[in-house]
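Understanding the architecture of this molecule
Here is what each chain is made of, one letter per residue.
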Amino acid sequence: MSAVIIDGKALAAKIKDKVKEDVEALVRKQRIIPHLAVILIGSDPASQTYVRGKEKACEKVGIKSTVIKREIDITEAEILDLIDELNEDKTVHGILLQLPIPKHLDANKIISRIDPTKDVDGFTPTNVAKLTSGYPGLVPCTPLGIMKILDEYNIQIEGKRCVVIGRSQIVGKPMALLLLKANGTVTICHSKTKELEKVAKEADILVAATGKPKMVDINFVKKGAVLIDVGISKVDDKLLGDIDFESVKEVAGYITPVPGGVGPMTIACLLENTVSCYKSILGEKS
Ligand code: NAD
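Notes on the structure follow.

Of the voids in this model, the second largest pocket is the one considered here, and its volume is about 300 Å³. Around the second largest pocket sit 15 residues that line it, and Leu144, Lys148, Glu272, Asn273 and Ser276 are the ones nearest its centre. Elements that contribute at least two residues to the lining of the second largest pocket include exactly α1 (8–30), α6 (141–152) and α10 (262–281). No other element matches α10, which puts five residues into the lining of the second largest pocket. The class makeup of the residues in the lining of the second largest pocket is six nonpolar, four polar and five charged.

Turning our eyes to something else, we now look at empty space enclosed by the protein. Under the counting rule described, the total for this entry stands at one cavity of 30 Å³ or more. Here the largest cavity defines a volume of roughly 40 Å³. Ile95, Leu96, Leu97, Ile111, Ile114, Asp119, Asp121 and Phe123 are the residues that line the largest cavity. Looking at the lining of the largest cavity residue by residue, the class counts come to six nonpolar, no polar and two charged.

Turning next to the site of the ligand. In the vicinity of the ligand, 21 residues are found, and the nearest of them are Arg167, Ser168, Val230, Ile232 and Thr266. Ile232 has a polar backbone atom sitting 3.0 Å from an oxygen atom of the ligand. Here Thr266 contributes a side-chain N or O atom positioned 2.7 Å from an oxygen atom of the ligand. Partitioned by chemical class, the residues of the shell around the ligand number nine nonpolar, ten polar and two charged.

About the thresholds
- Residues numbered from 1 in each chain as written.
- Predicted model: local features only at pLDDT ≥ 70, side-chain atom pairs only at ≥ 80, totals over all residues.
- Heavy atoms only, no water.
- 1 Å grid on protein atoms, 1.4 Å probe; cavity = no way out; pocket = protein on both sides within 12 Å on 5 of 7 lines; lining within 4 Å.
- Points joined across faces, edges and corners; volume = space filled by probe spheres on them.
- Helix = DSSP H or I, 4+ residues; strand = E, 2+ residues; numbered from the N terminus.
- Nonpolar A, V, L, I, M, F, W, Y, C, P; charged D, E, K, R; others polar.
- Near = heavy atom within 4 Å.
- Polar contact = N/O pair within 3.5 Å; in protein donor to acceptor, adjacent residues only side chain to side chain.

Printed below as a string of structure tokens:
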């Protein structure tokens, strides 16, 4: 039997429609438009594409977005000053620093400077601590989107073996925490993990977030497993995920395609998080 192909695009469209309705109602009441500030440093083509996508998505749901472009040689002091300004700016409700940033800048230091109430990506230490300790807070968009996918497709997490390949701050770690919070039995794998295939093959839910195209093939997959492919790599002008779709599609129970799986959900969750920031700043109930 072939795997169910998860339609992240359709679910994202549903979420965006709801965000649009919410934004319209909030703007009618508050007479203030939600506003996301996006900081883009340098001219990396992939980052530029992602930022354009975020701008377009904001526009469609009635969120104002401002892209603040800075040269690649910006100093740490200058970027910290910019963040201070945005933190203070009452017309800005969300701040997003497009990653990756140039190597001479300390990403952790800069992210830590973002006001946690405007932290639409959920990357500041305050929001990471909240997620870790189970308090409500802003949750990173990609893992949040994956949890919404699992929920939409009625995929049970409680008691299931969940394996996350990748331990980044933005995907792997928060993903593992969310699966754990949902009572999954979670294993995190990474580039130093031994017998990766064997560990992955135990998973009922397998999340691949390595950026290594087609790394996960049939040897990693238990029959009927739910496969979530976070990876996006451009190879010969084609977008490839971490999972070798053709190799696993007859064995898996569910699979997210690339493109059209996790990617659109990340953007939808960014819009939701922006509205959450706006609501908390303006004292609206969530
Ligand atoms: P990262 O480079 O920060 O982390 C990659 C992780 O994969 C590391 O923890 C590393 O230990 C692990 N890894 C690398 N090679 C491995 C191997 N051979 N075996 C096991 N583990 C290995 O990357 P990231 O920021 O977490 O992103 C991962 C991928 O997800 C990238 O392709 C990125 O473009 C994509 N991404 C997609 C979305 C989306 O919305 N779909 C969002 C964020 C990131």
